[in-house]
Amino acid sequence: MSLNRQAAIVDISHSIRPQDVFQAAFLLHTAWGYFPEGTIHIVVVDPGVGSGRRILLLKTPRAYFIAPDNGVLSYILAEISPGIVKGEASFPELPDDLRMGEVPSGVEAYALTNARFWRQPVSSTFHGRDIFAPVAAHLSLGVPMAELGEVVSSVLVFPIPRPLITDKGIIHGHIVHVDGFGNLVTDVRAEDIPSGNLIIEAGGHRVRGLSPSYSAGGELLALIGSSGYMEVAAKNGNAAERLGLGVGDAVIIRKLRGGQGCGYS
Amino acid sequence: MSLNRQAAIVDISHSIRPQDVFQAAFLLHTAWGYFPEGTIHIVVVDPGVGSGRRILLLKTPRAYFIAPDNGVLSYILAEISPGIVKGEASFPELPDDLRMGEVPSGVEAYALTNARFWRQPVSSTFHGRDIFAPVAAHLSLGVPMAELGEVVSSVLVFPIPRPLITDKGIIHGHIVHVDGFGNLVTDVRAEDIPSGNLIIEAGGHRVRGLSPSYSAGGELLALIGSSGYMEVAAKNGNAAERLGLGVGDAVIIRKLRGGQGCGYS
Amino acid sequence: MSLNRQAAIVDISHSIRPQDVFQAAFLLHTAWGYFPEGTIHIVVVDPGVGSGRRILLLKTPRAYFIAPDNGVLSYILAEISPGIVKGEASFPELPDDLRMGEVPSGVEAYALTNARFWRQPVSSTFHGRDIFAPVAAHLSLGVPMAELGEVVSSVLVFPIPRPLITDKGIIHGHIVHVDGFGNLVTDVRAEDIPSGNLIIEAGGHRVRGLSPSYSAGGELLALIGSSGYMEVAAKNGNAAERLGLGVGDAVIIRKLRGGQGCGYS
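Residues numbered from 1 in each chain as written. Chains lettered and ligands numbered in written order. Predicted model: local features only at pLDDT ≥ 70, side-chain atom pairs only at ≥ 80, totals over all residues. Heavy atoms only, no water.

## Remarks on the overall build of chain A
The number of helices and strands found in chain A is five helices and 15 strands. The buried share of chain A, taken over its 265 residues, is 49%. With an accessible surface of roughly 12100 Å², chain A has 51% of that area assigned to carbon and sulfur atoms. Charge separation in chain A, taken as the distance between the mean sites of 21 positive and 25 negative side-chain charges, equals 5 Å. (Helix = DSSP H or I, 4+ residues; strand = E, 2+ residues; numbered from the N terminus. Buried < 20%, exposed > 50% of the residue type's maximum accessible area, 1.4 Å probe, protein only. Areas by Shrake-Rupley, 256 points an atom, 1.4 Å probe, with all protein chains shown as cover. Lys, Arg positive; Asp, Glu negative; His and termini not counted. Charge placed at Lys NZ, Arg CZ, Asp CG, Glu CD.)

## Considering the interface of chain C and chain A
Contacts between the two partners involve 19 residues from chain C, matched on the other side by 16 residues from chain A. One can count five residue pairs in polar contact (both at pLDDT 80 or more) joining chain C with chain A. Split by residue class, the side of chain C that touches chain A holds eleven nonpolar, eight polar and no charged. (Contact = heavy atoms within 4.5 Å. Polar contact = N/O pair within 3.5 Å; in protein donor to acceptor, adjacent residues only side chain to side chain. Nonpolar A, V, L, I, M, F, W, Y, C, P; charged D, E, K, R; others polar.)

## Remarks on the interface of chain B and chain A
Across the contact, 16 residues belong to chain B and 19 residues belong to chain A. Roughly 1300 Å² of surface becomes buried between chain B and chain A when both sides are summed, with 55% attributable to carbon and sulfur atoms. Of all residues in chain B, Q19, T125 and R129 of chain B bury the most surface against chain A, accounting for 37% of the area lost on that side. For the pair chain B and chain A, the number of links is zero salt bridges. The tally of links from chain B across to chain A stands at five residue pairs in polar contact (both at pLDDT 80 or more). The class makeup of the residues in the side of chain B that touches chain A is five nonpolar, eight polar and three charged. (Buried area = accessible area lost by both parts, 1.4 Å probe. Salt bridge = Lys/Arg side-chain N within 4 Å of Asp/Glu carboxyl O.)

## Observations concerning the relation of the copies chain B and chain A
With an RMSD of 0.0 Å, chain B superimposes on chain A once it is rotated by 120 degrees and translated 0.0 Å along the axis. The superposition operator between the copies reduces to a three-fold rotation axis. Proximity to the rotation axis, assessed at the C-alpha, singles out A8 of chain B in chain B; its C-alpha lies 5.3 Å from the axis. (Least-squares fit on C-alpha atoms with pLDDT ≥ 70 in both.)

## Brief notes about the pairing of strand β15 (residues 250-255) of chain B
Residue and element names in this part refer to chain B. Where strand β9 (residues 171-178) meets β15, four bridges bridge the pair, whose relative direction is antiparallel. Across the sheet, the residue bridging to I171 is I253, located in β15. By the bridge criterion, five bridges tie strand β11 (residues 198-202) to β15 in an arrangement that is antiparallel. From the neighbouring strand, E201 faces β15, where its bridge partner is I252. (Pairing = 2+ DSSP bridges.)

## Looking at the packing of aromatic side chains
In this description, an aromatic ring pair is defined by two values, namely the gap between the centres and the angle between the planes. Residue and element names in this part refer to chain A. Throughout the structure, instances matching the rule amount to 21 aromatic pairs over all chains. Taken together, a centroid distance of 5.5 Å and an interplanar angle of 55 degrees make the contact between F26 and Y229 tilted. Within this pair, whereas F26 is found in helix α1 (residues 21-31), its partner Y229 is found in strand β14 (residues 229-234), the two being separated by 203 residues in sequence. For the pair F26 and Y229, one class covers both residues: buried. (Phe/Tyr/Trp six-rings, centres within 6.5 Å; stacked < 30°, edge-to-face > 60°.)

## Describing α1 of chain A
Residues and elements named next belong to chain A. Among the eleven residues in α1, ten count as buried, and that is most of the element. Those residues of α1 that fall on the buried side of the exposure criterion are V21, F22, Q23, A24, A25, F26, L28, H29, T30 and A31. At its buried positions, α1 is contacted by β1 (40-42), β3 (64-68), α2 (74-80), β9 (171-178), β10 (184-189) and β14.

## Topic: the environment of D20 of chain B
Residue and element names in this part refer to chain B. Following the sequence through the fold, D20 ends up in the segment before α1 (21-31). Residue classification places D20 among the buried residues on the basis of a relative accessible area of 17%. When the C-alpha atoms of D20 and L94 are compared, they prove to be 8.8 Å apart, with 74 residues separating the residues in sequence.

## Examining the sheet that holds strand β6 (residues 149-151) of chain B
Residues and elements named next belong to chain B. The sheet built from five strands is open, its strands ordered β1-β3-β2-β5-β6 with mixed pairing. The open sheet has two free edges, formed respectively by β1 (40-42) and β6, since each of these has just one partner strand. The mean inter-strand angle of the sheet, taken between neighbouring strand axes irrespective of direction, is 25 degrees. Where strand β2 (residues 55-59) and strand β5 (residues 108-112) come together, four bridges link them in antiparallel fashion. Along β5, the bridge assignment pairs K59 with E108. (Axes fitted to C-alpha atoms, helices over the stretch in contact; angles between N-to-C directions.)

## Here we look at unusual backbone geometry
Residue P95 of chain C is bonded to the preceding L94 of chain C through a cis peptide linkage, with omega at 5 degrees. Mapped onto the elements, P95 of chain C comes out in the loop between α2 (74-80) and β4 (99-102). Backbone torsion omega between Q120 of chain C and P121 of chain C reads 0 degrees, so that peptide bond is classified as cis. As for its placement among the helices and strands, P121 of chain C is situated in the loop between β5 (108-112) and α3 (127-140). Positive phi, normally seen in glycine, also occurs at N236 of chain A, with a value near 50 degrees. As for its position among the elements, N236 of chain A is in the loop between β14 and α5 (239-243).

## Remarks on the sheet that holds strand β6 (residues 149-151) of chain A
Residues and elements named next belong to chain A. Taken together, the five strands give an open sheet; going across it, the order is β1-β3-β2-β5-β6, and neighbouring strands pair in mixed fashion. Both edges of this open sheet fall to β1 and β6, since each of them pairs with a single strand only. Geometrically, the sheet is characterised by an average inter-axis angle of 25 degrees between neighbouring strands, direction not taken into account.

## Some thoughts on the pattern of salt bridges
Side chains carrying opposite charge are able to pair once their charged atoms draw close together. Scanning all chains against the criterion turns up 27 salt bridges over all chains. Residues D20 of chain A and R17 of chain A are paired through a salt bridge, measuring 2.8 Å at the closest nitrogen-oxygen approach. R189 of chain C is the salt-bridge partner of E191 of chain C, the closest N and O atoms lying 3.7 Å from each other. The exposed category is assigned to E191 of chain C, whose relative accessible area is 60%. R189 of chain C gets classed as partly exposed once you look at its relative accessible area, which sits at 29%. Salt bridges sharing common partners tie together E201, R206 and R254 of chain A.

## Let's talk about the side chain of H29 of chain C
Residues and elements named next belong to chain C. Here H29 is to be found in helix α1 (residues 21-31). A distance of 2.8 Å separates polar atoms of two side chains, one belonging to H29 and the other to Y229. Not counting residues within four places of it along the chain, the set of residues in contact with H29 comprises Y75, I76, E79 and Y229.

## What to know about the nonpolar core
Counting 35 residues, the largest nonpolar core has L58, F65, V72, L73 and Y75 of chain B as its most contacted members. Among the secondary structure elements, those contributing two or more residues to this core are α1, β2, β3 (64-68), α2 (74-80), β5 and β7 (154-157) of chain B. Among the elements that line this core, the one with the most residues is α1 of chain B, at six residues. Residues in contact with L58 of chain B, not counting those within four places in the same chain, are A63, Y64, F65, L73, L77, V107, E108 and A109 of chain B. Formed by 34 residues, the second largest nonpolar core is a distinct cluster that contains F26, I160, V176 and Y229 of chain A. (Core = buried A, V, L, I, M, F, W, Y, C linked by side-chain atoms within 4.5 Å.)

## Looking at the confidence of the model for chain A
Residues and elements named next belong to chain A. Taken over all residues, the pLDDT of chain A has a mean of 93, while the share at 70 or more is 95%. Here residues 260-265 scores under 50 on pLDDT; set against residues more than four positions off or in separate chains, the count is 14 contacts. Both confidence scores are given for the complex: pTM 0.94, ipTM 0.92. (pLDDT = per-residue confidence, 0-100.)

## Comments concerning a nonpolar patch on the surface
Among the surface-exposed residues, I42, V44 and F126 of chain A lie close enough to one another that they form a single nonpolar patch of about 230 Å² accessible area. With respect to the helices, strands and loops of the structure, V44 of chain A is situated in the loop between β1 and β2 (55-59). (Patch = residues over 30% accessible without salt bridge, like charges linked within 9 Å, V, L, I, M, F, W, Y side chains within 5 Å.)

This is the structure we're talking about:
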């Protein structure tokens, strides 16, 4: 606000677990699209602050992103170019599973290097305050990206978790997020789920079929959440606490064989 | 902000307990009057999201409210028309104690039905994002209420908790809110309390008289809080933890008989 | 916003522990300088609300402050005039260690007394809402300070904690803040620390030397944090939990004698 008094500043979340780059990446994935076109998103989940890690500025067709080069933009890049970060049937270990991915066409990527646009002195522990925010302000005032840093052609990404689907059509999904209500959000998307009668298994419990809403199912229920991913919820309760499950744990979807109710495949 | 870049968006609270419609209703009651005239208040405590519950748009003499039809506007309506939700000497069970109440004169009420003003696609689990917020934006830009939905003449309300006052003048109040400091806010209003020497009982402890401020009483004290309700507080401490009391529990006010200190009525 | 629709309102923190005037003072000290010149900072950590305590309005060379006269502006005043609140080699007990300090030159100080600029009726428990915020709004609209209250020449301050440095050069510091990551921020400033090989002791653990960043040290590390104070951190962990330390506890810095690694002084 010292540089651009007209900027509208919105906090998406202050509840990311410390150093949890994956959680930040997933939340950004589910939130950024609901902001106005041209929004500058600043991501300050940055356990490597002050080390040699680069700071990225990305321009995608609808938004800008300023973030450390630690994988936190993996979902954003996968939305544009699913190939950049091939999905794997497992949950990523960070930072071990990071690899270089090529910046897809349609995206401009820079590493911030021009200290002229940074607050001085720059601390070694809070680049969000000293670099990310001032650069975002200058960008919002029209400074060209090419003045802020240097073009890069590849960035660090992690493999996006995706469900494993067996030959028999059994879907082995992963919990990727536990929301503030304790709902267990999985990596299984609406389009991954076959039609027909389903059994969803989580933490030793079984749920029959998808519910249309939180209030329509039984005590334990599964539904397609507001970001298009299947989640397991406890009616007026906390599914994570009740099932003792968390991020990385499995949720399995089976299709009922033959007629309804005659057994499980 | 995508629809109305000039909107000023203020978050009242992100600390409502999940599904706690009563807590949301009480907080709204104590906060809305301090916002500018014409403010649009959006209430997204909505355990029935995606079910058949209606979404309400109310225009009162000083403000607009967009909320699910689940009783969360009961206090707002009772401020305008105390008769709509007769107080009862008990704490409401929700949703069991909901009933239909007539919209009072001076209030315009609509059910949101015109999907043209909603974000598409509409999820079944997050109408705050997909319906409430876009409708509020259109309303702020001057779209007439009659275009957004259809007039309704009655809405769901719960009975507002009120203290029971016995023939002998003993006031049986209820704790309706525990604030962030652990103060126990009751349904006893300043005007319910007789003058004279009082004994306030809560959780087996007795407090003598009302204090003018948090720092003026003893270790445990009672005073009229900033919303006009009597509360029980622990000096520089947490009354809820110290007394083991919470929402729905009793607080009793007795008037001392005769001269000061000569006994309890 | 009812009085000044153009005001930009930013929340610094809602996470101050109840009644913790020292924590509020320290956070204000580390945050205020990053706001635009002329910002009006409102501090509502006010356990004495409704008592006879004064409400202060300070104008410093770069900002305004509205706060109760309970010591919460001690660091602000010490930044301008280190002499006003002599540092002592101990952690202050509040409110016992409060004393009157003279307002330094370059600072204008008023006690808010003109109820014409307050919201009516004024509660006895929430002056932030009824006095501080309306006065800030009027001030932002150009009302002269002299209309809002009366000049005062001294205010309550506590002694700023400072490390004790022994004849042998051993630095006995205090933990003054535990941040949201569990990092232990001390009162030892970068300029207090001698060059050379250091051993930092905290909670029975020893750390060798200062790290350039959180990711550069060992499992337990010490560094100069973003506000210029030395802090002890656990790599990707919570130092406060791991060491069982908190505000007021000791951190000791010794210089290694002679050659590197040949023993502790």
